[in-house]
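Examination of the molecular architecture
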Amino acid sequence: MSVAVMSSKYKVGLIFGKFYPLHRGHVYLIEKAVSEVDELHIFLGCEALRDKQLFNKSRLPKQPQVSDRFSWLKTTFKDRHNIHIHILDEAGIDFYPNGWQDWSCRVKQLLAEHKITPDVIFTSEPQDAKNHEHYFGCSVSIVDADRHFMNISATQIRENPYKNWSFIARAAKPFFVKKVAIIGKNRFYDLPIQLANIYNTQYVSNGYINYIEREISIHHNKRYLNNSDYIKIAMLHVERLAKAVETANKLVFTSIDFETLARYYNQIFEKESDVLNALKNSYHFDLVIHEKDLKQKCSQLEYFETVSKKVEALLI
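The paragraphs below set out a description of the structure included in this document. Keep in mind that what you see is a predicted model, and the values were worked out from it rather than measured.

1. A short note on the packing of helix α8 (residues 191-198) against helix α13 (residues 300-313)
The relative placement of two packed helices is expressed as an angle between their axes plus a distance between the axes. The geometry of α8 relative to α13 is characterised by a closest axis approach of 11 Å and an angle of 55° between their N-to-C directions. In terms of their interaxial angle, α8 and α13 are classed as oblique. In this structure, α8 crosses over α13, and the sense of that crossing is right-handed. Residues L191, Q194, L195 and I198 of α8 touch α13, and the partners they reach there are Q300, Y303, F304, V307, S308 and V311. Across the contact of α8 with α13, the residue classes tally to seven nonpolar, three polar and no charged.

This is the structure in structure tokens:
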């Protein structure tokens, strides 16, 4: 017995957006739209000056590039065979809400290149419906205009990404994770572990730190670690940090940074490592705290409170 298959309401749908950054409201719009069409085409709009202005007005820790925004979409919808993502270069077009004529011509060029004939445009912005209908001659479907289902906007996230953390799309979250290295000995060494527990996030341990410290205290004895061991330690740490960032909650904590590792190497081998120096210069930590740089002879509680305040300031 054959089973009847319901056809989609529309054949081809379009969605336009900056996805700056991609959030759950975008994901809801896209998933609801794709349930009504056979094929859905997403157009990621980008314009260098406008994108820079958005960043300058924001409290984002760094500026998302077009490649980041494209990657978030591709990763989020990687298993959806009928969702297609395109980059729409909006350079030279007046900023929204102006420039509809020039913008629609640019879109139509891209549609023609990809042989796309739309039946419907999906949007959460009802004020755009008339222009979409006028310039593209197809239906417009308004989705969650009042944000009843997903009460968030990209503007809100740009203004305070950490307050709105739960709304950032999962694929975009690693971009915003801040990395903290808290470096010291004895009980100070426990601080990054404590803070990772408090923030319900990842702590990246360095299983070689005790060996490194032993090398420094016994300069004449180099039998524990050789030159190549330090490179392996560094690359393993990069790998562990990258993995931790994927599932971190706003922050990642660790007990060593690459500047410290390079300094250990210099002290022991009395020369510099090109690899460690490259990592020191290129790998960014948002906060590095050394025990030696804080007030000496503090209690454990004083250390804890001082470091906690520095960490909390990262999320304001």
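2. Observations concerning the pattern of salt bridges
Inspection of the entire model under this criterion finds six salt bridges. Notably, a salt bridge pairs E31 with R80, separated by 2.4 Å at the nearest N-O pair. Taken together, the positions of E31 in helix α1 (residues 24-34) and R80 in the loop between α3 (66-76) and β3 (83-89) put the pair 49 residues apart, joining distant regions of the chain. The class for E31 is partly exposed, based on a relative accessible area of 30%. Of the residues examined, R80 reaches a relative accessible area of 30% and is grouped as partly exposed.

3. With respect to the sheet that holds strand β6 (residues 178-183)
Paired through backbone hydrogen bonds, the strands of a sheet run either parallel or antiparallel to each other. Pairing in this open sheet of four strands is parallel, and the strands run β7-β8-β6-β9 from one edge to the other. Lying at the two open borders of the sheet, with one neighbouring strand each, are β7 (202-204) and β9 (287-290). Recorded for the sheet is a direction-independent mean angle of 20° between the axes of neighbouring strands. Where β7 lies against strand β8 (residues 251-254), three bridges are found, and the strand directions are parallel. Counted as the bridge partner of Y203 is F253 from β8. Helix α10 (residues 227-247) contacts β6, β7 and β8 of the sheet and is inclined by roughly 180° relative to β7. Sheet strands in contact with α13 are β6, β8 and β9, and its direction is about 170° off that of β9.

Definitions and cut-offs
- Residues numbered from 1 in each chain as written.
- Predicted model: local features only at pLDDT ≥ 70, side-chain atom pairs only at ≥ 80, totals over all residues.
- Heavy atoms only, no water.
- Axes fitted to C-alpha atoms, helices over the stretch in contact; angles between N-to-C directions.
- Helix = DSSP H or I, 4+ residues; strand = E, 2+ residues; numbered from the N terminus.
- Parallel < 35°, antiparallel > 145°, perpendicular 65-115°, else oblique.
- Left-handed = near helix turned anticlockwise from the far one by under 90°.
- Contact = heavy atoms within 4.5 Å.
- Nonpolar A, V, L, I, M, F, W, Y, C, P; charged D, E, K, R; others polar.
- Salt bridge = Lys/Arg side-chain N within 4 Å of Asp/Glu carboxyl O.
- Buried < 20%, exposed > 50% of the residue type's maximum accessible area, 1.4 Å probe, protein only.
- Pairing = 2+ DSSP bridges.

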